[in-house]
Amino acid sequence: MGGWCSRVCAPPLSLMQCLSWSLHLDFWRSRKDCLCCKACPAPPTGAAAGKLTGGSGAARALPFPGWCPPPSCMGRSFLRGLLLPVCVWHRLVSLESAQPPKRARSSLMAPPRIGTHNGTFHCDEALACSLLRLLPEYRDAEIVRTRDPEKLAACDIVVDVGGEYDPQRHRYDHHQRSFTETMSSLSPGKPWQTKLSSAGLVYLHFGHKLLAQLLGTSEEDSMVGTLYDKMYENFVEEVDAVDNGISQWKEGEPRYAVTTTLSARVARLNPTWNQPNQDTEAGFKRAMDLVQEEFLQRLHFYQYSWLPARALVEEALAQRFQVDPSGEIIELAKGGCPWKEHLYHLESGLSPPVTITFVIYTDQAGQWRVQCVPKELHSFQSRLPLPESWRGLRDEALDQVSGIPGCIFVHASGFIGGHHTREGALSMACATLAQRPACKPPTSPLIQ
């Protein structure tokens, strides 16, 4: 009997999925006798074997799917081996059930989890989560909104909740009393002194990598550093300030209310106080989409409009004396570009030093504009406005007063004017410079 059992093939894999084929072979080869030894019943013979073969000597369809007998089992030995004794199968099933349970799926295979607080949401954590999801490693991340410490502890990264800032463990909260960090304190050399929110913290630690990926370049590319600063100063810092309750002015009352900020739009996605359904999950998802779209649109503008304009301003400054001997008028090769900020940054390095007063360029209709440079970047006051007598006039009336044929208009505030030709726009700028009051030399006190 032992010899009969020793020639039986390995059990079918479909019934032993937790064991490898090689394990079966090693197991059977290591046994000299049947598992059940002499307790095995005799192999089927005669009528029983006839039933198995259909009386023709040929085996029917294999009773166990996946059974693959070796060549040595051909003939009668193979037919007898097809029906394995019940006690053997019982022992094998017991062996299978005795195997340790399968391990839980590795956490590396599961999508990462980003934890943040539940309830009323704000712009900073919506932006933090959406920025993280733009990175490949967090693209499929699950957003876990909770304040349960145990659930937060199981998250791969936590923002705006938890009461700790520990970048080594990816914990980015800013609400704890001990937190006073700014972009300047955490990144020496940066000028911004606004206390960081969760959005600023995520941007600080992941911003260069994120921008390099979105821009299709390396983190070492100078464009990444330039746009990193630009996006913080003109997008993320506002979110930091609003979330931390920092006033836009150090003192005094604002002249008007700003109610359409990104943070305000996110806040309005929360359920109103009198809505029956106070669930915030759907609103938070919309908030993430909103701030992500806003971020990407702003980055697109800075990459494809603002940054290329810098080269135009640099070229215009280099050619300023060819436009006018004063060096105070520059001509942009293409109108409509965002030139003001670049001009303020670049003119401080001009040699010889000069203050640019006017910029001329063409508009979309091909007409020429003469625009005064503001005293400050966001100021409505000009360094030198167009003459008061020109303001608010158009066409022939303006021609007569200015003495320059072909004028189109001058704005009522005097900050911009139009002309049909380049020469006319340049003449409007030069005439204004000529009418500028001469600077009086400082008077010295009389010596008694």
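An account of the accompanying structure is given in this report. Note on numbering: residues in each chain are counted from 1, in written sequence order. Owing to the predicted nature of the model, reporting of local features is limited to residues with pLDDT of at least 70; listing and counting of side-chain atom pairs is limited to 80 or more, with chain, interface and lining totals taken over all residues. Side-chain descriptors were evaluated using all non-hydrogen atoms of the structure, hydrogens and water having been removed beforehand.

On to the sheet that holds strand 2 (residues 142–145), then. One key point about sheets: their strands pair by backbone hydrogen bonds, in either a parallel or an antiparallel sense. The five strands lie next to each other as 2-1-3-5-4, forming an open sheet whose pairing is mixed. Looking along the sheet, the strands with just one partner apiece sit at the ends: strand 2 and strand 4 (165–166). Here strand 1 (residues 113–116) runs beside strand 3 (residues 157–159); their pairing, made up of two bridges, is parallel. Pairing of Gly115 across the sheet is with Val158, part of strand 3. Strands qualify as paired when DSSP identifies two bridges or more between them. What counts as a helix is a DSSP run of H or I of at least four residues, what counts as a strand is a run of E of at least two, and both are numbered from the N terminus.

Turning to the pattern of salt bridges, a few remarks are in order. We count a salt bridge whenever a side-chain nitrogen from Lys or Arg sits within 4 Å of a carboxyl oxygen from Asp or Glu. A complete count under the given rule lists twelve salt bridges for this structure. Note that Arg169 is salt-bridged to Asp166, the shortest N-O span being 3.7 Å. When a residue's accessible area, from a 1.4 Å probe over protein chains only, is under 20% of the maximum for its type it is buried; when over 50% it is exposed; and in between it is partly exposed. With relative accessibility at 43%, the residue Arg169 sits in the partly exposed group. Accessibility expressed as a relative area gives 22% for Asp166, which makes it partly exposed. Across the pair Arg383 and Glu347 runs a salt bridge, and its minimum N-O distance is 2.6 Å. Remark: Glu347 occurs in helix 14 (residues 340–347) and Arg383 occurs in the loop between strand 8 (368–372) and helix 15 (395–402); sequence separation between them is 36 residues. Linked through salt bridges whose partners overlap, the residues forming this network are Glu164, Asp166 and Arg169.

This next bit is on the side chain of Arg171. Residue position: Arg171 is located in strand 5 (residues 171–172). Asp and Glu are treated as the negative residues and Lys and Arg as the positive ones, with His and the ends of the chain left uncounted. For the buried Arg171, no salt bridge exists, and the shortest N-O distance to an oppositely charged side chain is 4.4 Å, to Glu164. Contacts described as polar in this section are N or O atom pairs within 3.5 Å, which, within protein, must combine one atom able to donate a hydrogen with one able to accept it, while residues neighboring in sequence count only if both atoms come from side chains. A polar atom in the side chain of Arg171 sits 3.0 Å from the backbone oxygen of Arg169. With residues near it in sequence (within four places) discarded, Arg171 still touches Leu152, Ala153, Cys155, Asp156, Ile157, Val158, Glu164, Tyr165 and Asp166. Any two residues whose heavy atoms approach within 4.5 Å at even a single point are treated as in contact.

Turning next to the packing of aromatic side chains. Whether two aromatic rings pair depends on their centres lying within 6.5 Å, for rings of Phe, Tyr and Trp, where Trp uses its six-membered ring; planes under 30 degrees apart make the pair stacked, over 60 edge-to-face, and the rest tilted. Across all of its chains, the model carries twelve aromatic pairs by this definition. Ring centres of Tyr138 and Phe206 lie 6.4 Å apart, and the angle between their planes is 85 degrees; this geometry places the pair in the edge-to-face category. A residue pair is termed long-range when its members are at least 10 positions apart, and Tyr138 in the loop between helix 6 (123–133) and strand 2 and Phe206 in helix 9 (residues 198–215) qualify at 68 residues. Tyr138 gets classed as buried once you look at its relative accessible area, which sits at 8%. Centroid distance Tyr165 to Tyr172: 6.3 Å. Interplanar angle 50 degrees. Geometry classified as tilted. Given the relative accessible area of 22%, Tyr165 is considered partly exposed. Taking relative accessible area as the criterion, Tyr172 reaches 1% and is therefore assigned buried. A network of ring pairs unites the aromatic residues Trp192, Tyr203, Tyr228, Tyr232, Phe235 and Phe295 as a single cluster.

The general pattern is negative phi for most residues beyond glycine and trans for most peptide bonds. Omega for the peptide link from Ser351 to Pro352 comes to 0 degrees, which places this bond in the cis form. Inspection of the secondary structure assignment puts Pro352 in the loop between helix 14 and strand 7 (358–362). The phi angle at Asp160 is positive, at roughly 65 degrees, despite the residue not being glycine. Relative to the assigned elements, Asp160 resides in the loop between strand 3 and strand 4. Positive phi, normally seen in glycine, also occurs at Asp395, with a value near 45 degrees. In this fold, Asp395 is placed in helix 15. Taking relative accessible area as the criterion, Asp395 reaches 32% and is therefore assigned partly exposed.

Turning our attention to the pairing of strand 1. Here strand 1 runs beside strand 2; their pairing, made up of four bridges, is parallel. Bridge pairing in strand 2 places Arg113 opposite Glu142. Read as a crossover between parallel neighbours, the route from strand 1 over helix 6 to strand 2 is right-handed. Look down the strands so they point away from you; if the path from the first strand over the helix to the second goes clockwise, the crossover is right-handed.

With that settled, consider helix 14. Most of helix 14 sits out of view: six of its eight residues are buried. Inspection of helix 14 places Glu341, His342, Leu343, Tyr344, Leu346 and Glu347 among the buried residues, and these make up the whole buried set. Elements in contact with the buried residues of helix 14: helix 10 (222–243), helix 12 (281–318) and strand 6 (329–331).

Quick look at helix 6 now. Here helix 6 lies mainly inside the structure; ten of its eleven residues are buried. Listed in full, the buried residues belonging to helix 6 are Cys123, Asp124, Glu125, Ala126, Leu127, Ala128, Cys129, Ser130, Leu131 and Leu132.

All right, on to the side chain of Asp324 then. Of note, Asp324 is situated in the loop between helix 13 (320–323) and strand 6. Arg436 provides the closest opposite charge to the buried, salt-bridge-free Asp324, at an N-O distance of 8.4 Å. Apart from residues lying up to four places away in sequence, Asp324 is in contact with Ile329, Cys430 and Leu433.

A few words on the nonpolar core. Buried Ala, Val, Leu, Ile, Met, Phe, Trp, Tyr and Cys residues that are joined via side-chain atoms within 4.5 Å together make up what is termed a nonpolar core. Leu132, Tyr203, Leu211 and Phe295 are the most contacted members of the largest nonpolar core, which has 50 residues in total. When contributions to this core are tallied by element, the ones reaching two or more residues are helix 6, strand 3, helix 9, helix 10, helix 11 (262–267) and helix 12. With ten residues, helix 9 is the largest single contributor of residues to this core. In this structure, Leu132 is in contact with Ile114, Tyr138, Ile157, Val159, Val202 and Phe206, ignoring residues within four places of it in sequence.

A pair of cysteine sulfur atoms is labelled a disulfide when the two atoms are within 2.5 Å. Per the stated rule, a full pass over the model turns up zero disulfides. Cys155 carries a free sulfur, and the closest cysteine sulfur to it, the one in Cys129, is 10.0 Å from it. The exposure class of Cys155 is buried, given its relative accessible area of 5%.

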